[in-house]
Amino acid sequence: MIPTLLGITIVVFAISRMAPGDPVSLAMGPVGMMDAQRAADVRAARMKLYGLDKPVYVQYAIWLGRVVRLDFADSIKHHRPVIDLIKERLPVTLTLNLISFVIIYAVSIPMGILSAVGRKKFLDRAGSVALLMLWSLPSMWVGQMLIGYLCGPPLNWFSPAGLSSNDADQLPFFQWLADRLWHLVLPVFCLTYAGLAYLTKQVRAGMLDNLRADYVRTARAKGLSNWAVIFHHAFRNSVIPIITILATLLPAMFGGSVIIERIFSVSGMGLLAFEAVTTRDYNVVMGVATIAGVLNLFGLLMADIAYAMVDPRISFESAA
Amino acid sequence: MVDNKQQKDWGTSYGEMVWKEFAKSKFTLCWLGFIILLFLLAIFAPFLANDKPFVIRIDGQLHWPIFKALTASDYSILLAAIVALTQFVLVLHNRKSVDPSIRAGVLWRQITISVFIVLVGIILLFVFIPRRLDATDYKSMVASGKATGAVFAPVPYGFGRTDLKVREQPPNRQHWLGTDDVGSDVLCRLIHGSRISLSVGFVAVGISSIIGIIIGAILGYSGGKTDFIGMRFVEIMMAVPVFFLIITIVAFFPRSLFNIMLIIGLTTWTDDARFVRAEFFKLRRQDFVQAAVSLGLPLRSILFRHMLPNAIAPVLVNASFGIAGAIFIEAALSFLGFGVAPPTPSWGQVLSLGVSTTGRFLWWLTLFPGLAIFFTVLAYNLVGETLRDAIDPRLRESV
Amino acid sequence: MNGRSGIFKFFLFLFLVVIIFLQFLSMVQADRLYDRLNTLIGRLESRASAPTRTVEKAAAPAASGLKDYPGDDGDWLVRNLEGEPLTLCDFLATSEWSSRWIVSGNIFESMIEYEPDEFKYRGRLAEKFSISDDGLIIYFKLRDNIWFSDGHPVTTDDVIFTFNTIMDPNIDAAPYANYFRDVDHYEKINDKEIKFHMKKVYFLSLGYLGGMTIYPEHIYKYKDAREFNERRSNPVGTGPYVFEKWDVGRQIVLRRNENYWGPKPKVKRIVLTFITNTTAELQALLSGQVDYIRPVPDQYAEKHNDENFKKDFYCLSYWDASNTGYFWIGWNEARPFFADKKVRLAMTHLVDRQAIRDHILRNPEAQIPTGNFYIYGKQTDPNIKPWPYDTEKAKKLLDEAGWIDHDGDGIRDKNGVPFRFKYMIAADLALHEQIAKLVKDAAASAGIEVILDPYEWSVFSQKVKDREFDAVSMAWGGNVEEDPYQIWHSSQRGKGSNYVNFNNPQADALIEQARQTLDPDKRNELYHQFHRILHEEQPYTFIYTRPEQRFLSKRFQNVIIHKLGINELEWYVPAQSQKYK
């Protein structure tokens, strides 16, 4: 795990440093208020302040040393510890993603099973195509249309931006919760529908695979009830792709969805990372990448373990 | 003279079998037709939507503005189309006249030659065809009577021409799909934008497939330590947030279509690698592989001539989904402002203009590009899914 | 295998449920924590602001000679800013105008400010101010009855502290310190009077020194510069509002300073929100979530003609003295294309600025500037008219400059170099992109191939600084009265803000002379000549300059548009229409 983590940090570090521009010049901006020499002095002083004047590998070593002590340094743009920034934004992203996560899994597993079990060919095919259509909808299109139609007058069903209304913190807990949830509906919807379609298809495909298998026929021949067949046998064996998807959903989660966050003005990790990249806020980029990397690896590890536990065909010995 | 009409009973090859399964779904065939239509649109774009006429008579002399203004990339696309068509005809010909045992080798050779011709052709075209600029206002020449006998393209607008007076107009008789924020015709931009979307899809997926196959094959075959280290590397690539990687790299290199294709290709190969690796794991225990190894065949040959054809199925399926995904990513990049440089048209870019800052819903700038992206992505997804079902032996009815 | 996967799945499920539950709890906890923190800060604040000396409210207005604001007390003003400021210390933030708006004038005040309707200074914290005839001594006398929001009186020690802090090299205020490098030393006369001795004459020195926002020494004094640099919040000043809280990512709240030495504003609270998406911002205004926003030109143009909209909202359009900038396209004279002024003039003739104003900005009040000065200010020569849009003239000029299409490929060339250049813009700025596309199309008809080169902002800034462009489009902010030195003097070509390598010895001489001319009439005469040179040379193509635009809820009254801007402190909401308590 550790070498992979190191690898991730090196890659992100290298790329963010390779990109032209640096946070100091950026913060200073093309300001027409200073003369040449003074500007050069100011810039040099600031670079020194942030340790950006040292060679790249030295900077990396310094950063690594701090991270080991769990010190992610300060954001150059915000002048605050990176950890604080992440702590503020992460719950937002987590909320959005966990809710969509739960909805996706809660809805698609039963839907997938049902659609696999259902017999009518036409409905089956139509359902499959409908899911594919859902999956093919571009999220920015959907988001824009939703805001355009549902958020302004005359409908005013939902709020166009943010996670809470202005005076939300003055409300008692349950009303605050209701207000929060009201704001969350649209962003969660945009995050969910694609994953829903995808997972339903996977569950369905896995179920279909297994339902046609011999051992299911045997089970049925033995006289097991339909329910038992579906759940105890077919479904258990279709769990593999579902687990794999869990592993791939986690990275998407912690990157956050930049587009959704941008369209709905939600300050989450996605926007944080996006802004950090565009303003060359190195410390934040590295902090987000590291944490995202750790969580990713965690997800992958779990998936791999689950994978190996469940499928005896796969082994990791070297070729004979 | 041997009567070649004598049916050579070669049975059905794997490709034919897959095609038959695939063709069973008329619905998907329609969508395949849609994809072909899109290709035609992309190939013939400069002839379909152009502000210059095909032919025009000025002062008694005939001019051919469209043809004169064709760029090297236009010619390259035509060349690639012709070569691809030839290759397709050859494949059909192979089915009838080439013995199946050597068919694969013949096919490989043909494909290699085709690719070679296309690449060399592209290079030569770019070197020798000069860049021209022709901003003559032919329409006003016709209107003022200076020129006669002009035959214009069906959509008589150029994608880069601006006309502030007709800015942001909904669909009308002059502009069938309306205009965008500087007065360019939307239909024209969508037609030319299909080039971007389709080419991004293909090249990006091509690059990612090649990388994924090579890495997956090596890892899957070797196992053990190589596999372990290699998989860590693959995991690193998977763990790096792709979108941010793309944005960072796009900022680094100058804005060009090829760079975007390259970047998408370089960051999405991990799925292919995983599939190929999984397949190779299963395959390397099989007899024919052991036989090839004991015969002392070179590694390259074992991997790519013996094992790969059996493992390629998931790659092909994933390729179709990959194209859809690449189109998505390109649209998202253009939407966020990181796509191709303006005024090159891209569906995502037109989509980004869809809601004006006043919240006024410019429906024609949202609906049409959105539909274009939606249908294209849907088509590729459908094709991919049907292909997957066709390849899956368990779904096949007995031959 | 049977039992294993069953148990495994059960645990997986449990794990997920637990995570969700924990997440839920942490959300609640986080919010509660923020609330607690905010109330804590609020309590500390109120303790700090408890007056340490009795406040003679009755005496204050008379002593300061300032009029009371009319109207009913109460209500909040909810304003949306386009971005969250990074810090509320206004000289640590360099290009963050939003934090300046938040604190200058509201929380902090300066010694002098502009009159609302004349190009003249008047005293705010200062009762008297003057500059000696030779320009080398600047004098300020603070008012007698002024104090910070905690009751502590304002003295020249605070002025000195502010000045020293700005000039401290360890304080992250180098760009701002730049304004004061001509100061030789200060001389404290007594608690209320102070003199600044300047090294050289500079007509803007009075404005700079007087414009310093005064920080209380007893609160901000520091041992280690880091303390000051990292203090981003809880500003304490003399102004009519005090800081109440900052919910990071959501809002900043200012509360009226009940202890204010001057005439108190009527609005009790100012809430600042940070919705960045312009569409969402407008929606928020329409739904009542915010009261006051800065619309983009398209939004203004559309709503301006919407009678329904105007029933509930003001469409304010005014020229703002502190934000009089302009949009320009710069032609890099170090490149072969633009060294010749005929070519630059030709490019200007190719840009249909009228169409830009009418169709893209859709703002009839926008003007086409001919120079860099504020178009309604005294520095600008009103007799100079902008060059017209004339493609034929452009073609003629290009021919004269030697750019002719020799090889018939439709592109002009000279000495074998085709006229094909890269026009650099910042990506993601719609206006820049639209104007760029227009220029490209127009140039094509004149036989010039323009390649648009968008870069995201960080790269863009870097390239501008490195002068790596053929042409670039940008905007400068400006002031009612400014010094063109930094942008136009030839000494600023390498590392300064003279990005287009403009080098004109006549202009240099005029700039230098004007800097030292204290008599405004003589100085403006020099600037008129400078303006004429810019007009002939066309180092930039000036595209537009426009008034500030705002949308404001109509429940606010006494909204007056002054000659130099608007004053939010004057507004009030009649009791029956008040929305917030």
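Note that this is a predicted model, so its numbers are computed, not measured. (Residues numbered from 1 in each chain as written. Chains lettered and ligands numbered in written order. Predicted model: local features only at pLDDT ≥ 70, side-chain atom pairs only at ≥ 80, totals over all residues. Heavy atoms only, no water.)

K.L.:
What is the right way to look at the overall build of chain A in this model?
P.N.:
For chain A, the helix and strand inventory stands at 14 helices and zero strands. Secondary structure of chain A in N-to-C order comes out as α-α-α-α-α-α-α-α-α-α-α-α-α-α. Out of the 320 residues in chain A, the part that is buried amounts to 55%. Considering only contacts within chain A whose residues lie at least 6 apart along the sequence, 72% involve residues at least 24 apart. Working note: accessible area of chain A is about 13900 Å², and carbon and sulfur atoms make up 69% of it. (Helix = DSSP H or I, 4+ residues; strand = E, 2+ residues; numbered from the N terminus. Buried < 20%, exposed > 50% of the residue type's maximum accessible area, 1.4 Å probe, protein only. Contact = heavy atoms within 4.5 Å. Areas by Shrake-Rupley, 256 points an atom, 1.4 Å probe, with all protein chains shown as cover.)

K.L.:
Looking at this model, I keep getting lost on the packing of helix α8 (residues 186-222) of chain B against helix α16 (residues 363-391) of chain B. Mind explaining?
P.N.:
Packed helices, taken two at a time, are described by the angle their axes make and the gap between the axes. Residue and element names in this part refer to chain B. Closest axis-to-axis distance for the α8/α16 pair is 11 Å, and the angle between their directions is 30°. Compared by their axis directions, α8 and α16 come out roughly parallel. α16 is crossed by α8, and the crossing has right-handed handedness. Across the interface between the two elements, Val186, Leu190, Leu198 and Phe202 of α8 pack against Trp364, Leu365, Phe368, Pro369, Thr376 and Tyr380 of α16. Grouping the constituent residues of the contact of α8 with α16 by class yields nine nonpolar, one polar and no charged. (Axes fitted to C-alpha atoms, helices over the stretch in contact; angles between N-to-C directions. Parallel < 35°, antiparallel > 145°, perpendicular 65-115°, else oblique. Left-handed = near helix turned anticlockwise from the far one by under 90°. Nonpolar A, V, L, I, M, F, W, Y, C, P; charged D, E, K, R; others polar.)

K.L.:
Looking at this structure, how should I read the packing of aromatic side chains?
P.N.:
All names here are of chain B. Considering all chains together, one arrives at 66 aromatic pairs over all chains under this definition. Relative to Phe67, the ring of Phe54 has its centre 6.2 Å away and its plane inclined at 45°; by these criteria the two rings are tilted. Placement of the pair is Phe54 in strand β1 (residues 53-58) and Phe67 in helix α4 (residues 65-68), with a sequence separation of 13 residues. The partly exposed category is assigned to Phe54, whose relative accessible area is 21%. When its relative accessible area of 37% is taken as the criterion, Phe67 is described as partly exposed. (Phe/Tyr/Trp six-rings, centres within 6.5 Å; stacked < 30°, edge-to-face > 60°.)

K.L.:
For this particular structure, what's the right way to read the sheet that holds strand β6 (residues 183-188) of chain C?
P.N.:
Sheets are built from strands that pair by backbone hydrogen bonding, the pairs being arranged parallel or antiparallel. All names here are of chain C. The four strands lie next to each other as β4-β5-β7-β6, forming an open sheet whose pairing is antiparallel. Both outer strands of the open sheet, β4 (126-131) and β6, are each paired with one neighbouring strand and no more. For this sheet, the mean angle separating the axes of adjacent strands, direction not counted, is 15°. As judged from the five bridges shared by β4 and strand β5 (residues 137-142), these two strands associate in the antiparallel manner. The residue of β5 that forms the bridge with Ile131 is Ile138. The sheet strands contacting helix α4 (residues 156-167) are β5, β6 and β7 (193-198), and the helix crosses β6 at an angle near 160°. (Pairing = 2+ DSSP bridges.)

K.L.:
Quick question: what am I supposed to make of the environment of His562 of chain C here?
P.N.:
All names here are of chain C. Inspection of the secondary structure assignment puts His562 in strand β21 (residues 561-562). A C-alpha to C-alpha distance of 22 Å links His562 and Pro574, two positions 12 residues apart in sequence. Apart from the residues within four sequence positions on either side, His562 is in contact with Pro116, Asp117, Asn567 and Glu570. A distance of 3.1 Å separates the side chain of His562 from the side chain of Asp117, its partner in a polar contact. (Polar contact = N/O pair within 3.5 Å; in protein donor to acceptor, adjacent residues only side chain to side chain.)

K.L.:
What is the right way to read a nonpolar patch on the surface from this model?
P.N.:
Residue and element names in this part refer to chain B. A cluster of nonpolar side chains, Ile113, Phe116, Ile117, Val120, Ile123, Leu124, Val127 and Phe128, forms an exposed patch at the surface whose accessible area comes to about 820 Å². You can see Ile123 is positioned in helix α6 (residues 100-128). Its relative accessible area of 56% is what places Ile123 among the exposed residues. (Patch = residues over 30% accessible without salt bridge, like charges linked within 9 Å, V, L, I, M, F, W, Y side chains within 5 Å. Salt bridge = Lys/Arg side-chain N within 4 Å of Asp/Glu carboxyl O.)

K.L.:
I'm lost on the sheet that holds strand β2 (residues 61-63) of chain B in this one. Help?
P.N.:
Residue and element names in this part refer to chain B. Ordered in space as β2-β1-β3, the three strands form an open sheet in which the pairing is antiparallel. Of all strands in the sheet, those bounded by a partner on one side alone are β2 and β3 (147-152). Along the sheet, successive strands turn relative to each other by an average axial angle of 10°, direction set aside. Note that β1 and β2 share three bridges and pair antiparallel. In the strand pairing of β2, Ile58 is matched with Gln61.

K.L.:
Help me understand the confidence of the model for chain B, please; the structure alone is not making it clear to me.
P.N.:
Low pLDDT means the predicted coordinates in that region are not meant to be read closely. Averaged over all residues, the pLDDT of chain B equals 82, while 92% of them reach at least 70. Scored below 50 in pLDDT, residues 1-6 of chain B makes zero contacts in the model with residues more than four places away or belonging to other chains. (pLDDT = per-residue confidence, 0-100.)

K.L.:
So what exactly am I meant to see when it comes to the confidence of the model for chain A here?
P.N.:
All names here are of chain A. Here chain A shows a mean pLDDT of 72. Residues at 70 or above account for 69%. Across chain A, helix α5 (residues 82-117) holds the top mean pLDDT of 81, while helix α2 (residues 23-28) sits lowest at 62. This stretch, residues 315-320, has a pLDDT under 50; its non-local contacts, to residues over four places away or in other chains, come to 15 contacts.

K.L.:
Sorry, what's going on with the interface of chain B and chain C here?
P.N.:
Think of interface size as the accessible area that goes away when the parts come together; that is how it is often given. Facing 29 residues of chain B, the contacting portion of chain C comprises 37 residues. Interface area for chain B against chain C, summed over the two sides, is near 2900 Å², with a carbon-plus-sulfur share of 55%. Arg131 of chain B is the partner of Glu449 of chain C in a salt bridge, and the nearest nitrogen-oxygen pair spans 2.9 Å. Here chain B and chain C share six residue pairs in polar contact (both at pLDDT 80 or more) between them. Considered class by class, the residues forming the side of chain B that touches chain C number 12 nonpolar, eight polar and nine charged. (Buried area = accessible area lost by both parts, 1.4 Å probe.)

K.L.:
What is the right way to read the nonpolar core from this model?
P.N.:
One recurring pattern in soluble globular proteins: nonpolar side chains tend to sit buried together. Formed by 148 residues in total, the largest nonpolar core has its most connected members in Tyr105, Met140, Met207 and Phe264 of chain A together with Phe243, Ile264 and Leu333 of chain B. A total of 15 residues in this core trace back to one element, the largest contributor, which is α16 of chain B. (Core = buried A, V, L, I, M, F, W, Y, C linked by side-chain atoms within 4.5 Å.)

K.L.:
Would you take a moment to explain the pattern of salt bridges for this structure?
P.N.:
A side chain of one charge can pair with a side chain of the opposite charge if their charged atoms are brought near each other. For the coordinates displayed, the defined rule picks out 44 salt bridges over all chains. For Glu113 of chain C, the salt bridge goes to Arg124 of chain C, with nearest N and O atoms at 3.0 Å. Linking Glu113 of chain C in strand β2 (residues 112-114) with Arg124 of chain C in the loop between β3 (121-123) and β4, this pair joins segments that are 11 residues apart in sequence. In this structure, the salt-bridge partner of Arg523 of chain C is Glu481 of chain C, at a minimum N-O distance of 2.7 Å. One end of the pair, Arg523 of chain C, is in helix α19 (residues 520-537); the other, Glu481 of chain C, is in the loop between β18 (471-476) and α17 (485-488), and 42 residues separate them in sequence. The class of Glu481 of chain C is partly exposed, set by a relative accessible area of 23%. One continuous salt-bridge network, built from bridges that share partners, spans Asp51, Lys52 and Arg161 of chain B together with Asp441 of chain C.

K.L.:
Can you help me understand the pairing of β7 of chain C in this one?
P.N.:
Consecutive side chains of a regular strand alternate in pointing toward one face of the sheet and then the other. Residues and elements named next belong to chain C. The buried fraction of β7 is high, at five of six residues. Judged from the five bridges that link them, β5 and β7 form a sheet pairing that is antiparallel. Counterpart to Ile138 in the pairing with β7 is Phe196. One ladder, built from five bridges, connects β6 with β7; its direction is antiparallel. Paired with Lys188 across the strands is Ile194, a residue of β7. In this antiparallel pair of consecutive strands, β6 and β7, the connection spans four residues.

K.L.:
I tried to follow the side chain of Asn381 of chain B on my own but got confused; where do I start?
P.N.:
With respect to the helices, strands and loops of the structure, Asn381 of chain B is situated in helix α16. Sequence-distant contacts of Asn381 of chain B, defined by excluding residues within four places in its chain, comprise Leu132, Trp135 and Ser136 of chain A together with Phe321 and Ala324 of chain B.

K.L.:
Any chance you could explain the side chain of Asp227 of chain B here in plain terms?
P.N.:
For Asp227 of chain B, the location among the structural elements is in helix α9 (residues 224-239). A distance of 2.8 Å separates the side chain of Asp227 of chain B from the side chain of Arg277 of chain B, its partner in a polar contact.

K.L.:
Explain the packing of helix α12 (residues 270-283) of chain B against helix α14 (residues 299-336) of chain B here, please?
P.N.:
All names here are of chain B. Between α12 and α14, the least distance of the axes is 9 Å, while the angle of their chain directions is 135°. Taken together, the axis directions place α12 and α14 in an arrangement best described as oblique. Handedness of the α12/α14 crossing: right-handed. Of α14, the residues touching α12 (which contributes Asp271, Asp272, Phe275, Val276, Glu279, Phe280 and Leu283) are Leu303, Met307, Leu308, Asn310, Ala311, Pro314, Val315 and Asn318. Taken together, the residues of the contact of α12 with α14 sort by class into 10 nonpolar, two polar and three charged.

K.L.:
Sorry, what's going on with unusual backbone geometry here?
P.N.:
Most peptide bonds are trans, and most residues other than glycine sit at a negative phi. Residue and element names in this part refer to chain B. Note the cis peptide between Pro342 and Pro343, where omega equals 0°. Relative to the helices and strands, Pro343 resides in the loop between α14 and α15 (347-352). Residue Glu168 is not a glycine yet carries a positive backbone phi of 50°. Note that Glu168 resides in the loop between β3 and α8.

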